[in-house]
Amino acid sequence: MDPFRTLFGIDPSSVSETCVLFPFFRKNFPGAFGVEKLRRGFLYSAGSGENCTVVLTRIGPVFAGDAVLHLAGAGCREVIFLGTCGLLSPGLPREIGSLVCPTPWYGQESFSRLAAGDFSPGPRFLPDPELRRALITAGGLEWEDGPAGVSFGSLSLQEELLPRRRGRGVEVVDLESAAVCAAAARAGVRAAALLAVSDIVGARPYYRPLPPDERTRLDLALDRAVEAVCRYISGKPTA
């Protein structure tokens, strides 16, 4: 049994140097990257096009982080994580539908530590600076110095615990990006996360149905993210 083929549904020899990961499925994601169909594995669904491999990881840091480790072992050399995130405060220059590429990421993914009252900032992980700069350029983003992000291990505890991170440059929260950057550092590959803002902690929670205008802005932001990654990949020099 080939563990990689079992987990991902594709042969490891088909993995490209550039891999695009997303935690949830959107109809246009695979096709935008030249992938006709995702093959279903035990944990992941994946497919390879001419210039990249795309992987549906599921939601959560374990799935995303492990995917990076497995892909690195199959020849992947850079990982781009596409997803959504929340803002820690309303009234910032960003809003629902903004596109962000945070640095650094703080890892607070342990639910048990949070539930036990351990609110320490957690380790700090940096996306690859060159890859991040390239995505910012491709996406037409205006700021390059922030914001910082935190990957947080509880959706239920966000409103109670995350306000203490405000004022420290941390403006963005998600579940997976710190794990992606940590796994990439361990495996010696490049990684960065490009995210669309989908909610605001304590003001417009993640479980609230989006009104039509916010849904439109979020959908457009995700489309912009895909276009930015495609623009970056197509602009890379070929061997």
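Owing to the predicted nature of the structure, the values given are computational and were not obtained by experimental measurement. (Residues numbered from 1 in each chain as written. Predicted model: local features only at pLDDT ≥ 70, side-chain atom pairs only at ≥ 80, totals over all residues. Heavy atoms only, no water.)

Here's the deal with a nonpolar patch on the surface
Among the surface-exposed residues, L155, Y206 and Y207 lie close enough to one another that they form a single nonpolar patch of about 340 Å² accessible area. Looking at the element boundaries, L155 is found in the loop between β9 (148-152) and α6 (158-161). Here L155 falls in the partly exposed class, since its relative accessible area comes to 37%. (Patch = residues over 30% accessible without salt bridge, like charges linked within 9 Å, V, L, I, M, F, W, Y side chains within 5 Å. Areas by Shrake-Rupley, 256 points an atom, 1.4 Å probe, with all protein chains shown as cover. Salt bridge = Lys/Arg side-chain N within 4 Å of Asp/Glu carboxyl O. Helix = DSSP H or I, 4+ residues; strand = E, 2+ residues; numbered from the N terminus. Buried < 20%, exposed > 50% of the residue type's maximum accessible area, 1.4 Å probe, protein only.)

Description of the side chain of S198
Structurally, the position occupied by S198 is in strand β11 (residues 190-200). A distance of 2.9 Å separates polar atoms of two side chains, one belonging to S198 and the other to D199. (Polar contact = N/O pair within 3.5 Å; in protein donor to acceptor, adjacent residues only side chain to side chain.)

Some details on the pairing of strand β10 (residues 170-174)
Of all the 5 residues making up β10, 5 are buried; the element is thus mostly covered by neighbouring parts of the structure. The sheet contact formed by strand β5 (residues 78-87) and β10 spans 2 bridges and is antiparallel. Along β10, the bridge assignment pairs L87 with V172. Two strands pair when backbone bridges link them, and β9 and β10 are joined in this way by 4 bridges, in the parallel orientation. Considered in β10, the bridge of G149 is made with V172. (Pairing = 2+ DSSP bridges.)

Re the packing of aromatic side chains
As enumerated under the stated definition, the model contains 5 aromatic pairs in all. On the numbers, 4.3 Å between centres and 10 degrees between planes, the contact of F4 with F8 is stacked. One end of the pair, F4, and the other, F8, are both in helix α1 (residues 3-8), 4 residues apart, so they sit about a helical turn from each other. Residues F4 and F8 agree in their burial class; the two are buried. (Phe/Tyr/Trp six-rings, centres within 6.5 Å; stacked < 30°, edge-to-face > 60°.)

A look at the nonpolar core
As a rule of thumb, nonpolar side chains are buried together in soluble globular proteins. By size, the foremost hydrophobic cluster in this structure holds 36 residues, and its most contacted members are F8, V15, L21, V68 and L71. For this core, the secondary-structure elements that each account for two or more residues are α1, β1 (18-22), α3 (61-73), β5, α7 (177-187) and β11. In this structure, V68 is in contact with L21, V79, V180, A183, A184 and V189, ignoring residues within four places of it in sequence. (Core = buried A, V, L, I, M, F, W, Y, C linked by side-chain atoms within 4.5 Å. Contact = heavy atoms within 4.5 Å.)

Points about the pattern of salt bridges
Applying the stated rule across the entire model yields 12 salt bridges. For R190, the salt bridge is made with D128, and the minimal N-O distance between the two is 3.4 Å. With R190 in strand β11 and D128 in the loop between β8 (124-125) and α5 (129-139), the pair connects residues that are 62 residues apart, well separated along the chain. As a salt-bridge pair, R217 and D213 come within 3.6 Å of each other at their nearest N and O atoms. With R217 and D213 both in helix α8 (residues 212-234) and 4 residues apart, the pair spans about one turn of that helix. R217 sits in the partly exposed class, given a relative accessible area of 26%. Connected through salt bridges with shared partners, the residues R26, R215, D219 and D223 form a single ionic network.

So, unusual backbone geometry
For the bond from T103 to P104, the omega torsion is -10 degrees, close enough to zero to count as cis. With respect to the helices and strands, the residue P104 is situated in the loop between β6 (99-100) and β7 (105-108). Positioned with a positive phi, R58 is a non-glycine residue whose angle comes to about 80 degrees. With respect to the element layout, R58 can be found in the loop between β4 (53-56) and α3. Residue class for R58 comes out partly exposed when judged on its relative accessible area of 37%.

Some thoughts on the environment of L162
With respect to the helices and strands, the residue L162 is situated in the loop between α6 and β10. Assessed through its relative accessible area of 1%, L162 is described here as buried. For L162 and L56, which are 106 residues apart along the polypeptide, the C-alpha to C-alpha distance reads 28 Å. Setting aside chain neighbours within four positions, we find L162 in contact with L88, V150, F152, L157, V173 and V201.

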